[in-house]
Number of protein chains: 2
Amino acid sequence: MKPLFDDLIDVMKKHRLRISKQRLKILEYLVHNRHHQTVDQIYHELHPDLPTLSKTTVYNTMKALVQAGIVKEIGIDEHETRYDITKEEHGHFKCESCHNVYDFPINIDDGLKKGGLEGYLVNSKNVYLKGICPKCLLDIKLVNTD
Amino acid sequence: MKPLFDDLIDVMKKHRLRISKQRLKILEYLVHNRHHQTVDQIYHELHPDLPTLSKTTVYNTMKALVQAGIVKEIGIDEHETRYDITKEEHGHFKCESCHNVYDFPINIDDGLKKGGLEGYLVNSKNVYLKGICPKCLLDIKLVNTD
DNA sequence: GTATAAGTTGTAATGATTACAAGTTAACTA
DNA sequence: TAGTTAACTTGTAATCATTACAACTTATAC
Ligand SMILES: [Mn+2]
Ligand SMILES: [Mn+2]
Ligand SMILES: [Zn+2]
Ligand SMILES: [Zn+2]
């Protein structure tokens, strides 16, 4: 069985995307660091390794990967676009205290009431929750002396 | 039974928000035009009626209404923040052809697998779908001569 | 009616994303 | 393997929604 990484290269080739070293590094990074990073984060983390890398290239690459269906845009926060290379359906939770984005299991179709989207062609689904994560809740409790 | 509009005024007062004529017009507009308008749309539609209105005021007012829990931010599209004054839980569908945002019935909790968000404090939930609406699907079929 | 904190307004600043043009290179072919 | 070319990369400039700011105005409390 072929590793995940090679599968993704194949998908890129199917979409007529060239395999540059920039794209390889970005793809590799996304596969190994699944924390919904922003373009800015990806750029800064790869820069030491690829000193000539341009932020424009990261933007271009992410757009290409989205169009190829390899990554998904996560727009849980209006002010920053994040990206997710994980395939399985899941929801996203953003902690309003530590700003981390967590995955959680969900089956969107279970919540859809039948007939509600009759006649609609659905291309993408996203579930976004916001609140406070368990770690931050604990911190808040430790601070409060009630 | 008191009308919806007066209830909203009461909520504003509870949150120590002053009742200016700008805010009244915006609130009235939102109650009567439930199409998930952007700040820009709200501004342009009210401008004939309130010639001195500033777009900054619309931004400020929407922020105040969000904080008071009177309207909800709809971030289905990264490039435009929309607002929704409807209270009942529902999902949003954005047509990638006509760019309209439609409501649809949903029960988010039905799709949540138990234990998945154990220990998280959830403050807000959003379900965003994208695709093609029935009207646009019909238009596409009429154009294709297959 | 007065005091004052809150709201309004126009303008400037911000910041993420996109547009663009010149230089570079992956991939195909002979 | 070298030549060709469209695709990719890069730095810089432009865009545009949103926010910051400061002076002016007003809703609300007493
Ligand atoms: Mn995820
Ligand atoms: Mn709605
Ligand atoms: Zn947290
Ligand atoms: Zn449509």
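For clarity, every value in this text was computed on a predicted model and none was experimentally measured. (Residues numbered from 1 in each chain as written. Chains lettered and ligands numbered in written order. Predicted model: local features only at pLDDT ≥ 70, side-chain atom pairs only at ≥ 80, totals over all residues. Heavy atoms only, no water.)

Attention now goes to the coordination of the manganese ion (ligand 1). All names here are of chain A. For the manganese ion (ligand 1), the protein coordination sphere consists of His36 (NE2), Asp84 (OD), His90 (NE2), His92 (NE2) and Asp103 (OD), at 2.0 to 2.3 Å. Judged by relative accessible area, which is 2%, histidine 92 ranks as buried. Overall, aspartate 103 belongs to the partly exposed group, its relative accessible area being 38%. (Donors = N, O, S within 2.8 Å, 3.2 Å for Na, K, Ca; no water. Buried < 20%, exposed > 50% of the residue type's maximum accessible area, 1.4 Å probe, protein only.)

Lining the immediate environment of DNA strand C, one finds 20 residues, of which Tyr59 of chain A together with Ser20, Gln22, Arg23 and Thr57 of chain B sit closest. The sugar-phosphate backbone supplies 72% of the atoms of DNA strand C found within 4 Å of the protein. In the environment of DNA strand C, a base nitrogen lies 3.1 Å from a nitrogen or oxygen atom belonging to the side chain of arginine 18 of chain B. At a separation of 2.9 Å, a phosphate oxygen of DNA strand C approaches a polar backbone atom of threonine 52 of chain B. The set of elements that each furnish at least two residues to the surface near DNA strand C consists of helix H4 (55-67) of chain A together with helix H2 (21-32) and helix H4 (55-67) of chain B. Counting residues per element, the surface near DNA strand C draws most heavily on H4 of chain B, at 4 residues. Tallied by class, residues from the surface near DNA strand C come to 4 nonpolar, 12 polar and 4 charged. (Near = heavy atom within 4 Å. Polar contact = N/O pair within 3.5 Å; in protein donor to acceptor, adjacent residues only side chain to side chain. Helix = DSSP H or I, 4+ residues; strand = E, 2+ residues; numbered from the N terminus. Nonpolar A, V, L, I, M, F, W, Y, C, P; charged D, E, K, R; others polar.)

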